[in-house]
Amino acid sequence: MICNHCKISFKPEQNFIGSAYDTDHNLRYDFEKYDCPECLRANIFMIIFTLGGMTGDIELRRRIIEPPNSTHQELPVDVPEHFRTDFSEASQVLDISPKASAALSRRLLEGILIENGAPSNKNLFQQIDDAISDGMPSYIAEQLDYIRQIGKFAAHSKSNRASGEVIDVDYEEAEAVLSIIDLLCDHYYVMPAKAKRRQQQLETKLAAARAKPADD
């Protein structure tokens with residue numbers, strides 16, 4: 001783990017703080033603390049679960065709440081692990097080097113689009129075109145189009161250069177790309193997974209209702 005205070009890597013030891021429940025929205029919030037041995041400050045995470053009943057609680061999202069101004073983000077567990085790892089790395093280096101963060105984000109965006117049907121033999125600019133033309137919701141299409149308007153990012157996406165090349169962008173542009181990737185993952189992975197869980201819960205309830213003996 002990289003400390004979100006001093007940016008030094010350390011071996012994490014989890015300290016569980018406690019839980020809170022939001023029964024109105026069927027959610028549980030866990031709080032975990034990781035103390036950095038270098039700067040002696042705490043990294044505190046909030047983990048959000050949906051209450052699953054007989055199927056068990058399911059982790060939805062993990063957010064850092066201490067330090068409160070940290071830009072470190074993580075994608076929900078419904079997103080494939082290799083994409084979550086790349087996103088976490090891009091988020092962790094944002095404060096240190098927006099250019100490096102943008103390079104990681106560009107590679108990640110390309111991988112997500114390819115896994116969801118974009119041709120691997122096209123460059124990122126063309127892959128975004130294909131994704132938008134393939135029925136992408138308008139609110140996401142507008143955000144993807146924004147990526148193509150980012151000066152250096154757009155220029156590189158039109159070229160055949162390696163997707164991991166360092167890109168000359170500013171902090172706000174690199175941060176915006178991370179937000180767009182989060183939105184895209186919500187569309188491709190999180191929402192379908194939520195729909196599948198709701199269907200499974202409904203089927204479980206219907207099966208239980210059918211198995212219940214009728215009143216005389």
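Here's what I pulled together on the structure shown here. (Residues numbered from 1 in each chain as written. Predicted model: local features only at pLDDT ≥ 70, side-chain atom pairs only at ≥ 80, totals over all residues. Heavy atoms only, no water.)

A word on the overall build of the chain
Heads up, the condition is: Helix and strand definitions follow DSSP, with helices as H or I runs of at least four residues and strands as E runs of at least two, each counted in order from the N terminus. Per-residue accessibility, obtained with a 1.4 Å probe over protein chains only, is compared with the maximum for each type, and a residue is labelled buried under 20%, exposed over 50%, and partly exposed between these values. We call two residues in contact whenever any of their non-hydrogen atoms come within 4.5 Å of each other. Accessible areas in this description were obtained via Shrake-Rupley with a 1.4 Å probe; residue shielding takes into account the shown protein chains only.
A count of helices and strands for the chain gives 6 helices and 4 strands. Ordering the α and β elements of the chain from the N terminus gives β-β-β-β-α-α-α-α-α-α. Of all 216 residues assigned to the chain, the portion counted as buried reaches 43%. Put simply, of all contacts in the chain between residues at least 6 apart along the chain, 47% involve residues at least 24 apart. A total of about 11800 Å² of accessible surface is found on the chain, and carbon and sulfur atoms cover 50% of it.

A short note on the side chain of Arg197
Relative to the helices and strands, Arg197 is located in helix H6 (residues 171–211). Take Arg197: its relative accessible area is 11%, and that puts it in the buried class. In this structure, Arg197 is in contact with Thr50, Ile58, Leu60 and Asp78, ignoring residues within four places of it in sequence.

Observations concerning the pattern of salt bridges
Operational definition: Throughout this description, the term salt bridge denotes a Lys or Arg side-chain nitrogen within 4 Å of a carboxyl oxygen of Asp or Glu.
Counted under the stated rule, the structure contains 6 salt bridges. For Asp30, the salt bridge is made with Arg28, and the minimal N-O distance between the two is 2.6 Å. One exposure class covers both Asp30 and Arg28, and it is buried. Among the salt bridges present, the one from Asp35 reaches Lys33, with a minimum N-O distance of 3.9 Å. Among the residues examined, Asp35 registers a relative accessible area of 37% and is labelled partly exposed. Residues joined in a network through salt bridges with shared partners are Arg28, Asp30 and Asp57.

Regarding the packing of helix H4 (residues 138–149) against H6
A pair of packed helices is characterised by two quantities: the angle between their axes and the separation of those axes. Cut-off, in case you're wondering: Here, axes are lines fitted to C-alpha atoms. For helices the fit covers the stretch in contact, and angles between N-to-C directions go from 0 to 180 degrees. For any helix crossing, the convention is left-handed if the near helix is rotated counterclockwise from the far helix by under a right angle, and right-handed if that rotation is clockwise. Gly is put with the polar residues, along with every residue not named as nonpolar or charged; the nonpolar set is Ala, Val, Leu, Ile, Met, Phe, Trp, Tyr, Cys and Pro, and the charged set is Asp, Glu, Lys and Arg.
One can describe the packing of H4 onto H6 by two numbers: an axis separation of 10 Å at closest approach and a directional angle of 150 degrees. H4 and H6 meet at a crossing whose hand is left-handed. In contact with Tyr139, Ile140, Gln143, Leu144, Tyr146 and Ile147 of H4, H6 contributes Glu173, Ala176, Ile180, Leu183, Leu184 and His187. Considered class by class, the residues forming the contact of H4 with H6 number 9 nonpolar, 2 polar and 1 charged.

Some thoughts on the nonpolar core
In plain terms, the rule: Each nonpolar core is a collection of buried residues, namely Ala, Val, Leu, Ile, Met, Phe, Trp, Tyr and Cys, held together in the definition by side-chain atoms within 4.5 Å.
Among the nonpolar cores identified, the biggest contains 33 residues, and Leu109, Ile112, Leu113, Leu144 and Leu184 are the most heavily contacted of them. For this core, the elements supplying multiple residues, two or more each, are helix H1 (81–92), helix H2 (98–115), helix H3 (124–133), H4 and H6. Take this core: its biggest share by element is 10 residues, from H6. Discounting residues that sit within four places of it in the chain, Ile112 has contacts with Phe83, Ile181, Leu184, Cys185, Tyr188 and Tyr189. Counting residues in hydrophobic clusters, the runner-up holds 8 residues, among them Phe10, Cys36, Ile47 and Ile64.

Brief notes about H2
Note the following rule: To estimate the expected span of a helix, count its residues, drop one, and scale the result by 1.5 Å.
Taking 1.5 Å per residue as the helical rise, H2 with its 18 residues ought to reach 26 Å, and the 25 Å between its terminal C-alpha atoms agrees with that figure. What H2 keeps buried is the set Pro98, Ser101, Ala102, Ala103, Leu104, Ser105, Arg106, Leu108, Leu109, Glu110, Ile112 and Leu113. Positioned one or two residues after H2, Gly117 has a phi angle of 110 degrees, which is positive.

Let's talk about the sheet that holds strand S3 (residues 42–50)
Note the threshold: Should DSSP find at least two bridges between two strands, the strands are regarded as paired.
Read from one edge of the open sheet, 4 strands run S1-S2-S3-S4, paired in antiparallel fashion. Because the sheet does not close on itself, it has two edges, and the strands there are strand S1 (14–22) and strand S4 (58–66). Pairwise comparison of adjacent strand axes, ignoring direction, gives a mean angle of 20 degrees for this sheet. As paired elements, strand S2 (residues 27–35) and S3 share 9 bridges and run antiparallel to each other. Paired with Tyr34 across the bridge in S3 is Asn43.

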